[in-house]
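The primary structure of each chain is shown beneath.
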Amino acid sequence: MAHSLSAKKRVRQTLKRRARNRSRKEEIKNQVKSFATALTSGDFDKAQQELGKVAQKLGRVATKGTIHKNTAARKRSRLAKRLNAARAAKGGTKAA
């Protein structure tokens, strides 16, 4: 247990920060799940919209420092790759 005032404050800050970061990461996971369901259903237009939402959320979370910017970029890239691969497999046109 923390004894000094500064250590007690640090514990309070850490708890708040952890809760905030967990919430942000959970939002990303939920957004990715909605993208995945749109993709598996074969609705590429909806999947494209969801990809935009995921990319926006990833960028915002990376800016806040919850995840690293390269992690956000990697996740965006992999999701876009999945969408393009599904479109190619289905015989649809690739997005620009």
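Quick note: structure is the one above.
Residues numbered from 1 in each chain as written. Predicted model: local features only at pLDDT ≥ 70, side-chain atom pairs only at ≥ 80, totals over all residues. Heavy atoms only, no water.

(A) A look at the environment of Ala55. Note that Ala55 resides in helix H2 (residues 44-64). Remark: the alpha-carbon pair of Ala55 and Ala72, spanning 17 residues in sequence, is separated by 8.0 Å. (Helix = DSSP H or I, 4+ residues; strand = E, 2+ residues; numbered from the N terminus.)

(B) Highlighting the pattern of salt bridges. In total, this model carries three salt bridges according to the counting rule given. A salt bridge links Glu27 to Lys57; the shortest N-O distance between them is 3.5 Å. One end of the pair, Glu27, is in helix H1 (residues 5-41); the other, Lys57, is in helix H2, and 30 residues separate them in sequence. For the salt bridge of Lys46 with Glu50, the shortest nitrogen-to-oxygen distance reads 3.3 Å. Here Glu50 and Lys46 lie together in helix H2, a separation of four residues that amounts to about one turn. Judged by its relative accessible area of 39%, Lys46 is partly exposed. (Salt bridge = Lys/Arg side-chain N within 4 Å of Asp/Glu carboxyl O. Buried < 20%, exposed > 50% of the residue type's maximum accessible area, 1.4 Å probe, protein only.)

(C) Quick peek at the nonpolar core. If you look at the biggest cluster of nonpolar residues, it comprises 15 residues, and the most contacted ones within it are Phe35, Leu39, Ala47, Leu58, Ile67 and Leu83. The set of elements that each furnish at least two residues to this core consists of H1, H2 and helix H3 (69-90). With seven residues, H2 is the single largest residue contributor to this core. Residue contacts for Ala47: discarding those within four places in its chain leaves Phe35, Ala38, Leu39 and Leu83. (Core = buried A, V, L, I, M, F, W, Y, C linked by side-chain atoms within 4.5 Å. Contact = heavy atoms within 4.5 Å.)

(D) Molecular detail of H3. For H3, spanning 22 residues, the distance from its first C-alpha to its last is 32 Å, which sits close to the expected 32 Å at 1.5 Å a residue. Restricting attention to buried positions, one finds in H3 the residues Thr71, Ala72, Leu79, Leu83 and Arg87. Down the axis of H3, the sector holding all buried residues measures 150°, keeping them to one side. Facing away from the buried side of H3 by more than 90 degrees, the exposed set consists of Arg78, Lys81 and Ala89. Among the structural elements, H1 and H2 are those in contact with the buried residues of H3. Phi turns positive one or two residues past the end of H3, at Gly91, with a value near 90°. (Expected span 1.5 Å × (residues − 1). Arc of directions from axis to C-beta.)

(E) Representation of the side chain of Glu50 within the structure. Given the relative accessible area of 6%, Glu50 is considered buried. Sequence-distant contacts of Glu50, defined by excluding residues within four places in its chain, comprise Gln31, Ser34 and Phe35.

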